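Breakdown of the fold
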Amino acid sequence: MTLESEALDMARRAQAARQAAADRTAAERSAALSAIASAIDAATPNILRANARDMVVARENGRPAAFLDRLMLNEARLSAIAAAVRQIAAQNDPLGEVIEQWDAPSGVNISQVRVPIGVLGVIFEARPNVTADAAALAVRSGNAVLLRSGSDSLQSALALVRAIRSGLEQAGFPADLVQHPETADRAFVGAMLSGLEGQLDLVIPRGGKALVARVQAEARIPVLGHLDGICHAYLHPSADLDMARAIILNAKLRRTGVCNALECLLVDRAALDTHWLPIARALADAGCEIRADDTLRTAFPDSVSAQDSDWGQEFLDAILAARTVDGLEGAMSHIARYGSGHTDLVLAGDADVQERFLNTVDSAVVMANASTGFSDGGEFGFGAEIGIATSRLHARGPVGARQLTSYKYVVRGQGELRG
C-alpha cells in the first residue's frame with residue numbers, strides 16, 4: 001500500500017468513526033476524555049521512553065536548545081498534558097449550542113446550531129503535547145483527527161496516540177477518531193494536503209515558517225493558519241516602571257521557545273530617560289541579549305547593534321530586539337509592518353493610549369499591561385489549544401473546541417408553504 005492510499009484509508013476510517021460517534025452525548029464525550037487522560041497517566045513510562053529516543057536523535061542532529069525544550073517530556077509535563085485533557089472534559093460541550101434563533105416572517109422558526117467540522121488534519125513538528133491537545137479538542141468538538149508529527153517527535157507522538165486510542169476504546173468510542181501513521185514521510189503530508197478525495201475537511205499546521213508556508217501554498221482544502229509568533233510590546237511613558245519591567249521579563253524569559261514569547265520591545269522616545277535603562281539592565285542581568293537601535297544602544301552600551309533583519313524576527317531564544325518609536329503612532333506603524341498578527345501588547349497607565357492600541361492594532365490577541373504569556377488556550381480557559389490562528393477567517397487567536405466547530409441552520413415549521 002502506498003502512503004497516499006494509506007492516508008486515504010485512514011481518512012475514510014476517520015469519517016466512519018466520526019459518524020459512528022455522532023449521536024454520543026456531551027456526558028459520554030466527557031467520559032471518553034477522562035478515560036484518555038487516565039490512559040496517558042497509565043502509559044507514562046512508555047511515553048517517556050519513546051520521548052527519550054526522540055531526544056537522543058534530536059541531539060545527534062544538532063537541534064537547538066529551544067527545539068529540544070519543545071520536544072522534551074518529563075513526568076511533570078505529561079501530568080500537565082493529562083490535566084489539560086481533564087480540563088477539556090470538564091468544559092461545556094459546544095455541540096448543539098444554539099448560536100442564534102428567530103422566527104421568520106413566514107412563520108418558520110430558524111436556529112443556527114453548532115456542529116463538528118468533520119475530519120481534521122493536524123500537521124506538527126516537535127511538540128508532543130500537540131498530539132494530546134489535538135485529540136482531546138477533536139473529541140470534545142465531535143470531530144475526528146488525522147495527526148502527522150515530524151520525524152523528531154515521531155516516537156513520542158506514536159506512544160501518546162496508542163494511549164489515546166486505548167482510552168477511547170475503554171470508553172466505548174471508536175479508536176479511529178484519532179489516528180497517526182507509523183511514518184513521518186513527507187509524502188504523507190502531500191497526501192493530506194490533497195484533501196484525500198474530500199475525506200479531510202480542514203488542515204491545521206503547527207510548526208515553523210517553512211511548514212506553514214508549504215501547507216498554505218499546497219493545500220487544496222481550507223487551512224487554519226498559525227504563523228510566526230512575532231510578539232511586540234509598546235512601552236509608553238505613562239507605564240508603571242516596576243510593573244512594566246516585571247511584565248517584559250516574564251513575557252520574554254518565562255519560556256523563550258514558545259510562540260507567545262515577547263520578541264520586540266518598542267520604546268517610546270518619551271520613555272527613554274525614565275524607563276529604558278532599568279528595564280534593559282534587568283533583561284541583561286537575567287541573561288537576555290538585547291539587539292537595540294542606535295538610540296537605545298547609546299543609553300545602554302551593553303546591548304548589541306540591531307540589524308534590519310532583527311525587526312520581524314522570531315528568535316525563540318533569550319534575545320530581544322528593541323527599537324525607539326515616536327509615540328503610539330510609531331509603535332502601531334512598526335507592528336503593522338513587522339508583526340505576524342499573533343499577539344501585541346501595550347504597557348501604559350494612560351487609559352486612552354490603551355484603548356487606541358487595543359482598538360487599532362490588528363492582531364489575533366491584543367493586550368494591555370499583562371504578559372504575552374497569557375495568549376494561550378489554557379490561560380483563556382479552553383483547556384488546551386491546537387494553535388493561535390493568525391488568519392482572519394473562521395477562527396482567530398487560541399483555537400479550542402468551540403473554534404473547531406461549524407454550524408448548520410435548523411428550520412422548524414407547522415405546515416408553512418412558500419408562495
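I will try to describe carefully the structure that is included in this document. (Residues numbered from 1 in each chain as written. Predicted model: local features only at pLDDT ≥ 70, side-chain atom pairs only at ≥ 80, totals over all residues. Heavy atoms only, no water.)

With respect to the overall build of the chain
If you tally the helices and strands in the chain, you get 14 helices and 16 strands. Relative to the globule expectation of 22 Å for 419 residues, the C-alpha radius of gyration of the chain, 23 Å, shows essentially globular dimensions. In terms of overall dimensions, the chain has C-alpha extents of about 70 × 65 × 35 Å along its principal axes. Evaluated residue by residue, the chain yields a buried proportion of 54% over its 419 residues. (Helix = DSSP H or I, 4+ residues; strand = E, 2+ residues; numbered from the N terminus. Rg over C-alpha atoms; globule rule 2.2 N^0.38 Å. Buried < 20%, exposed > 50% of the residue type's maximum accessible area, 1.4 Å probe, protein only.)

A short note on a nonpolar patch on the surface
Side chains of I99, W102, Y407, Y409 and V411 sit close together on the surface and give an oily, nonpolar patch of about 490 Å² of accessible area. In terms of residue count, strand β16 (residues 405–412) provides more of the nonpolar patch than any other element does, 3 residues in total. Along the chain, the position of I99 falls in strand β1 (residues 98–103). Of the residues examined, I99 reaches a relative accessible area of 36% and is grouped as partly exposed. (Patch = residues over 30% accessible without salt bridge, like charges linked within 9 Å, V, L, I, M, F, W, Y side chains within 5 Å. Areas by Shrake-Rupley, 256 points an atom, 1.4 Å probe, with all protein chains shown as cover. Salt bridge = Lys/Arg side-chain N within 4 Å of Asp/Glu carboxyl O.)

Some words on the packing of helix α2 (residues 26–42) against helix α6 (residues 129–140)
Put simply, α2 and α6 touch, their axes get as near as 9 Å, and they point 160 degrees apart. As the angle between them shows, α2 and α6 are arranged roughly antiparallel. Pair α2 / α6 crosses with right-handed handedness. Taken together, the residues of α6 that come into contact with α2 (itself represented by A26, R29, S30, A32, L33, I36 and I40) are A132, A136, V139 and R140. (Axes fitted to C-alpha atoms, helices over the stretch in contact; angles between N-to-C directions. Parallel < 35°, antiparallel > 145°, perpendicular 65-115°, else oblique. Left-handed = near helix turned anticlockwise from the far one by under 90°. Contact = heavy atoms within 4.5 Å.)

So, the side chain of H236
With respect to the helices and strands, the residue H236 is situated in the loop between β7 (231–235) and α10 (241–253). Assessed through its relative accessible area of 13%, H236 is described here as buried.

Let's talk about the environment of V161
Following the sequence through the fold, V161 ends up in helix α7 (residues 154–170). C-alpha separation for the pair V161 and V178, spaced 17 residues apart in sequence, amounts to 7.2 Å. Contact partners of V161, with chain neighbours within four places excluded, come to T131, L147, V178 and H180.

A few points about the sheet that holds strand β6 (residues 202–206)
Spatial strand order, β5-β4-β3-β6: 4 strands in an open sheet with parallel pairing. The open sheet has two free edges, formed respectively by β5 (178–179) and β6, since each of these has just one partner strand. In the packing of helix α8 (residues 186–193) onto the sheet, contacts are made with β3 (119–124), β4 (144–148) and β6, and the angle to β4 comes to roughly 145 degrees. (Pairing = 2+ DSSP bridges.)

Some words on the environment of P222
Examined against the element boundaries, P222 turns out to sit in the loop between α9 (209–218) and β7. With 29 residues separating them along the chain, P222 and L193 place their C-alpha atoms 9.4 Å apart.

Quick notes on the packing of aromatic side chains
Counted according to the given criterion, the structure contains 4 aromatic pairs. Ring geometry for W276 versus F300: centroids 6.5 Å apart, planes at 85 degrees, classification edge-to-face. A residue pair is termed long-range when its members are at least 10 positions apart, and W276 in helix α11 (residues 272–285) and F300 in the loop between α12 (294–299) and β10 (304–305) qualify at 24 residues. The pair formed by W276 and F300 is uniform in burial state, with each residue classed as buried. Site record: aromatic cluster; members linked through ring pairs are W102, Y407 and Y409. The lysine or arginine in question, R24, covers the ring of F173, its NZ or CZ lying 4.5 Å from the ring centre. Taking the ring centre of F67 as reference, the NZ or CZ of R63 above it sits at 4.9 Å. (Phe/Tyr/Trp six-rings, centres within 6.5 Å; stacked < 30°, edge-to-face > 60°. Lys NZ or Arg CZ within 6 Å of the ring centre and 35° of its normal.)

Section: helix α14 (residues 351–360)
All of the buried residues in α14 are V353, Q354 and F357. Along the axis of α14, the buried positions cluster into a sector of 100 degrees, meaning they face one direction only. Of the residues in α14, the exposed ones pointing more than 90 degrees away from the buried face are D352 and N359. Here the buried face of α14 lies against β7, α13 (327–338), β12 (343–347) and β13 (365–368). (Arc of directions from axis to C-beta.)

A few points about α7
The end-to-end C-alpha distance of α7, which contains 17 residues, comes to 24 Å, matching closely the 24 Å that a straight helix rising 1.5 Å per residue would cover. Within two residues after α7, G172 carries a phi angle of roughly 80 degrees, on the positive side. (Expected span 1.5 Å × (residues − 1).)

Some points on the nonpolar core
Nonpolar side chains tend toward joint burial in soluble globular proteins. Core analysis: the largest hydrophobic core is formed by 74 residues, its most contacted members being I40, V122 and L168. Of the residues forming this core, the biggest block, 8 residues, is contributed by α6. Look past the residues within four positions of L168 in its chain and what remains in contact with it is A32, I36, V139, F173, P174, A175, L177 and V178. In terms of nonpolar packing, the next biggest core, distinct from the first, is built from 27 residues, A233, A251, V267 and L283 among them. (Core = buried A, V, L, I, M, F, W, Y, C linked by side-chain atoms within 4.5 Å.)

Any functional reading would require information beyond the geometric quantities listed.
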